[in-house]
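Here are the chains, one letter per residue:
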Amino acid sequence: MKLANDAIDEISFHNVVTAKTLYENVLSVNFPKDVAWLIKATTNRHDIVHRNGRTLKNEVLNIVSADIDELVTKVVALVKEIDAQVKDGLLDNID
């Protein structure tokens, strides 16, 4: 069990493509096809945390509260969609 926990701890869930692939392969969860918005949000988060709100090109991010509200709405919808699939899938093979 420790080996599995250590392997999971080493995975970067900030990489949306890696997380998406992992969820699909391990949990049979289907992500929406368009996750560009989530990749952009993750990149913005990285720039805020590690680059003081600037991009690799040294441009200042311009994020307003409406952007945050929209992101929260999208993330909640994504989490609900994933949660429903995991809950529905857990008991499929039990007779």
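Residues numbered from 1 in each chain as written. Predicted model: local features only at pLDDT ≥ 70, side-chain atom pairs only at ≥ 80, totals over all residues. Heavy atoms only, no water.

**Focus on a nonpolar patch on the surface**
- Together, Ile48, Val49, Ile63, Ile68, Val72 and Val76 line one region of the surface with nonpolar side chains, adding up to about 480 Å² of accessible area.
- Of all elements in the fold, only helix H3 (36-51) and helix H4 (65-90) reach the threshold of two or more residues within the nonpolar patch.
- Sort the elements by how many residues they give to the nonpolar patch and H4 lands first, with three residues.
- You can see Val76 is positioned in helix H4.
- In this structure Val76 comes out as partly exposed when scored by relative accessible area, which is 39%. (Patch = residues over 30% accessible without salt bridge, like charges linked within 9 Å, V, L, I, M, F, W, Y side chains within 5 Å. Areas by Shrake-Rupley, 256 points an atom, 1.4 Å probe, with all protein chains shown as cover. Salt bridge = Lys/Arg side-chain N within 4 Å of Asp/Glu carboxyl O. Helix = DSSP H or I, 4+ residues; strand = E, 2+ residues; numbered from the N terminus. Buried < 20%, exposed > 50% of the residue type's maximum accessible area, 1.4 Å probe, protein only.)

**Some words on the packing of aromatic side chains**
- Summed over the entire model, instances satisfying the criterion amount to one aromatic pair.
- Plain terms: the ring middles of Tyr23 and Phe31 are 5.7 Å apart, the flat faces sit at 75° to each other, and that makes the pair edge-to-face. (Phe/Tyr/Trp six-rings, centres within 6.5 Å; stacked < 30°, edge-to-face > 60°.)

**Quick notes on the confidence of the model for the protein chain**
- Within the protein chain, residue pLDDT values average 86, and 91% of them lie at 70 or more.
- The least confident element of the protein chain is helix H1 (residues 2-9), whose mean pLDDT is 74; the most confident is H3, at 95. (pLDDT = per-residue confidence, 0-100.)

**Here's the deal with the pattern of salt bridges**
- Overall, the coordinates contain three salt bridges when judged by the stated rule.
- Among the salt bridges present, the one from Lys20 reaches Glu24, with a minimum N-O distance of 3.4 Å. With Lys20 and Glu24 both in helix H2 (residues 16-27) and four residues apart, the pair spans about one turn of that helix.
- With its nearest N and O atoms 2.5 Å apart, the salt bridge here joins Asp47 to Arg51. Here the residue Asp47 and the residue Arg51 both occupy positions in helix H3, the gap between them amounting to four residues, near one helical turn.
- Residue class for Asp47 comes out buried when judged on its relative accessible area of 4%.

**What to know about the environment of Ile11**
- For Ile11, the location among the structural elements is in the loop between H1 and H2.
- It is 22 Å that separates the C-alpha atoms of Ile11 and Val76, two residues lying 65 residues apart in sequence.

**Observations concerning unusual backbone geometry**
- One non-glycine residue with positive phi stands out, namely Ser28, at about 55°.
- Here Ser28 is to be found in the loop between H2 and H3.

**What about H3?**
- Taking 1.5 Å of rise per residue, 16 residues should cover 22 Å, and H3 covers 21 Å from first to last C-alpha, within 8% of that figure.
- Here H3 has its buried residues at Trp37, Leu38, Ala41, Thr42, Asn44 and Asp47.
- A positive backbone phi angle near 55° is found at Asn52, which sits one or two residues after H3. (Expected span 1.5 Å × (residues − 1).)

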